[in-house]
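Listed below, chain by chain, are the residues.
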Amino acid sequence: MKQLRKSFTNKVNTFKILFIICVFSFHFSGKAQVNWTSNGDSYFKLEEHQLVTYTLPHHDVKTVISKEQLTPAGKSEPLEVKHFSFSEDQQKILLFTNTKKVWRLNTKGDYWVFNFKTNTLSQIGRTLPPSSLKFAKFSPDGNTIAYVSGNNLYSEDYASGNIQALTTDGTVSLINGTFDWAYEEEFACRDGFRWSPDSKSIAYWQIDASAIKKFFMINNTDSIYAQIIPLEYPKVGESPSACKVGVVNLSNAKTTWMDVPGDPSQNYLVRMEFIPRTNDLLIQQLNRKQNQSKLFIADPLSGSTKMIQEESDIAWVDLFQLGNTYALDYINNFSFIEETNSILWASEKDGWRHLYKISLEGKPEVLITKGEFDVIDIKHINSKEGYVYYLASPDNATQKYLYKTNLNGKGENELLSPKSLKGTHDYSFSSNGTYAQHTFTNHYTPFTREFITVADHKALSEKESIAFQINKLEVKPTTEFFRIKTADDVEMDGWMVKPTNFDPTKKYPVVFFVYSEPAMTTVNDTFTAGRNRFYDGNMADDGYLYISLDNRGTPAPKGREWRKSIYKKIGVININDQAKAAQEILKWDFVDAERVAVWGHSGGGSATLNLMFRYPEIYKTGIALAAVANQLTYDNIYQERYMGLPQENMEDFRVGSPITYAKKLEGNLLYIHGTGDDNVHYQNAELLLNELIKYNKQFQFMPYPNRSHGIREGEGTLKHLSTLYTNYLKLHCPPGGR
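The structure presented is a predicted model; accordingly, all values stated were derived computationally and were not measured.

Enquirer: Would you take a moment to explain the overall build of the protein chain for this structure?
Expert: What the protein chain contains, in helices and strands, is eleven helices and 43 strands. Rg of the C-alpha trace for the protein chain: 26 Å, near the compact-globule value of 27 Å for 738 residues, within the 12% margin. Based on the C-alpha atoms only, the size of the protein chain along its principal axes is roughly 75 × 60 × 60 Å. When each of the 738 residues of the protein chain is scored for burial, the buried share is 57%. Accessible surface for the protein chain amounts to roughly 30,900 Å². Of this, 49% is attributable to carbon and sulfur atoms.

Spelled out as structure tokens, the structure:
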């Protein structure tokens, strides 16, 4: 948090520090969404080992489950509840505790049920291994609970506690009711089963990863002898895990498999859900190249399927993911409109990401949103009143605002967010659409929230309002947003933080922060813009000019052509855009062209390497973390979506990979990688090192033993990494104006 300007008062400084800490939890952990009650007038919170509700508009507090009620018999301490969900009748609640990490998130643990009628607390799945249950949820009638343990699906009768194994063939590589590494990482698929509306059956995914080759990681730190860690990881060019959907009947534990056309090992099943008020399933299939999507309605009794919609793109069809994909309870469901037996569907087929109403009865589709802008996210569907609420930003791709329009496709796009608040807005609507939590931030305003009535977009009280909170802040802007046009006539958004006490007559070193790939933008008008969590100190106070730019191919709301121009050109078009923009920036009078550094993590690490190797005349110093040095080492879902199949266009992979140009290194390179990285494998580091050694290229290398992709595990890791990063930057790209 030392990035905060030293000139701020202690009071404001302390306030900002606390707010930034909250922001990283709030923005990246999935806690931005409010846990609304079913009636929509209240919301739940876990506070001081109790579950409470706050009832609007006055935020009246009521204890739902006390600390004593959350304490199991014979124990002195209450459960540490990480997540909870109610039965439909609200008479029972599932409590998730004692959690353990699976890949990205803590998705397995123990579950307890609190019964409000009997005031009892009981654990489910007691005969199964501790901390092994995943995604437990009540049947619609509330009598049965289903969950996954050991890659098998189970049901448990609440009254008797009888546990029934609905599948028994689950293994490390045959996965029932959840997903393998690649599906979770690239499709955000985690919870792999759905209850039928009549509570008599469960639909579930089965992933067969048995044909997937194992990638072996080595743990050298936890025992005298090295431990081999096998990981089913489909590299680009390798066939995906075979996937199918089955429906198991609880009465006899027999599964009927859905007959979805196509080779299961050459297609993906990315969405599956029961259609409301029916026992039919709606399933979305993507082909292996992910440039063709098909929707099927499936009959769970016979397994027969009927295709009702098809879409294709010469690049890829986006799997439009709503909300925060890193939330524990994130489920990539369809957006149903029950009144018209249809779904809301996002498509870029007219050049912009718009919403369409797709009938499940064969009626013509209806375009809902119109104009030269992208829908960023759907926030709420009020089908009774006939409106959809969504985020968009037609005039500034770095920001987000709330709009609404009619579901019948005949309405205008109506801006609801206050025009006076320029920046990034987000919303969590109550279940009945009466209230919403409204959050706001921009580059000089910390993440601030208010509860509003949706009808007039007004705060519930003046003191709670965002406007009132902002008026009390003494924070001044330090980040500037700008646009720059390259010699190729590409206009890019960027931000920069100038040195404290900036003197335009002096020349300053510039540090570029890059990501540049289709998974993420870096230029967003939020309070975290301009921050560098790895720098030990304050870059502005030390005299650095800090800049980031979003090139073509990043997922900014600038239309299909902007985003998909990078198809088969990762490592080419993004690198060219970044370098051409840097060339324009180096023309600024206050930039020292001899002190230019670049850094990034993951895809940003790859971009850093490519920029250092291919444009040594621009970038003199680079710090790359966890980079994909060779595109052939990364997973098939991500790499094939954006690059195609290496069997068909291998040259594109070679041309886009940093390792191809390693022999051109001239500047100062610091390369950092965790040896336990299950995402971008440590293999990339050793391949790159071999190439640099081959051509006698001198560099600095720091492996972090047994650390994963985020390089955050282990005592002292962040401090060490921050010190290493900062010292290297100061040594090779000295700060201060000259």
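Enquirer: Is there a simple way to think about the packing of aromatic side chains in this case?
Expert: Where two aromatic rings form a pair, the distance of their centres and the angle of their planes describe that pair. Inspection of every chain in the model, using the stated rule, returns 40 aromatic pairs. With a centroid separation of 5.0 Å and an interplanar angle of 85°, the aromatic rings of Phe502 and Phe590 are classed as edge-to-face. Taken together, the residues Phe502 in the loop between strand 37 (491–497) and strand 38 (508–513) and Phe590 in the loop between helix 6 (573–585) and strand 40 (591–601) connect sequence positions 88 residues apart. Judged by its relative accessible area of 24%, Phe502 falls in the partly exposed class. Taken together, Phe44, Phe84, Phe86, Phe114 and Phe116 form an aromatic cluster joined through their ring pairs. Sitting above the plane of the Phe527 ring, Arg531 keeps its charged end 4.4 Å from the centroid. Above the plane of the ring of Tyr661 lies Arg614, whose end atom (NZ or CZ) is 5.0 Å from the centre.

Enquirer: What is the right way to look at a nonpolar patch on the surface in this model?
Expert: Taken together, the side chains of Phe216, Ile218 and Ile228 define a hydrophobic patch exposed on the protein surface, amounting to about 310 Å² of accessible area. Here Phe216 is to be found in strand 16 (residues 214–219).

Enquirer: How should the pattern of salt bridges be read in this particular structure?
Expert: In a structure, side chains of opposite charge can pair up when their charged atoms sit close to one another. For the structure shown, the criterion picks out 31 salt bridges. As a salt-bridge pair, Glu232 and Lys214 come within 3.2 Å of each other at their nearest N and O atoms. One end of the pair, Glu232, is in strand 17 (residues 227–232); the other, Lys214, is in strand 16, and 18 residues separate them in sequence. The network of salt bridges with shared partners includes Asp313, Glu348, Asp374, Arg560, Glu561, Arg563 and Lys564.

Enquirer: I tried to follow the sheet that holds strand 27 (residues 366–367) on my own but got confused; where do I start?
Expert: With respect to topology, four strands assemble into an open sheet ordered 24-25-26-27, the strand pairing being antiparallel. Of all strands in the sheet, those bounded by a partner on one side alone are strand 24 (335–337) and strand 27. Two strands pair when backbone bridges link them, and strand 25 (residues 342–347) and strand 26 (residues 354–359) are joined in this way by six bridges, in the antiparallel orientation. In the strand pairing of strand 26, Ser342 is matched with Ser359.

Enquirer: Sorry if this is basic, but what is going on with the nonpolar core here?
Expert: As a rule of thumb, nonpolar side chains are buried together in soluble globular proteins. Core analysis: the largest hydrophobic core is formed by 46 residues, its most contacted members being Tyr183, Phe187, Val245, Met258, Leu281 and Ile283. No other element matches strand 20 (residues 267–274), which puts five residues into this core. Among all residues touching Val245, those that are not within four sequence positions of it are Tyr204, Trp205, Thr256, Trp257, Met258, Leu269, Met272, Leu281 and Ile283. Ranked by size, the runner-up nonpolar core spans 45 residues in total, among them Ala556, Phe590, Met612 and Tyr671.

Enquirer: I would appreciate a short explanation of the pairing of strand 34 (residues 445–453) in the present structure.
Expert: Strand residues, when the strand is regular, have side chains that alternate between the two faces of the sheet. Burial analysis of strand 34 places seven of its nine residues in the buried class, which makes it a mostly covered element. Both strand 33 (residues 435–442) and strand 34 contribute to a ladder of seven bridges, which runs antiparallel. Bridged to Gln437 within strand 34 is Phe451. In textbook terms, the turn of a hairpin is the stretch between consecutive antiparallel strands, and for strand 33 and strand 34 this stretch comprises two residues. Where strand 34 meets strand 35 (residues 458–459), two bridges bridge the pair, whose relative direction is antiparallel. Considered in strand 35, the bridge of Thr453 is made with Lys458. The hairpin formed by strand 34 and strand 35 contains four residues between the paired strands, and His457 there has a positive phi angle of roughly 50°.

Definitions and limits used
- Residues numbered from 1 in each chain as written.
- Predicted model: local features only at pLDDT ≥ 70, side-chain atom pairs only at ≥ 80, totals over all residues.
- Heavy atoms only, no water.
- Helix = DSSP H or I, 4+ residues; strand = E, 2+ residues; numbered from the N terminus.
- Rg over C-alpha atoms; globule rule 2.2 N^0.38 Å.
- Buried < 20%, exposed > 50% of the residue type's maximum accessible area, 1.4 Å probe, protein only.
- Areas by Shrake-Rupley, 256 points an atom, 1.4 Å probe, with all protein chains shown as cover.
- Phe/Tyr/Trp six-rings, centres within 6.5 Å; stacked < 30°, edge-to-face > 60°.
- Lys NZ or Arg CZ within 6 Å of the ring centre and 35° of its normal.
- Patch = residues over 30% accessible without salt bridge, like charges linked within 9 Å, V, L, I, M, F, W, Y side chains within 5 Å.
- Salt bridge = Lys/Arg side-chain N within 4 Å of Asp/Glu carboxyl O.
- Pairing = 2+ DSSP bridges.
- Core = buried A, V, L, I, M, F, W, Y, C linked by side-chain atoms within 4.5 Å.
- Contact = heavy atoms within 4.5 Å.

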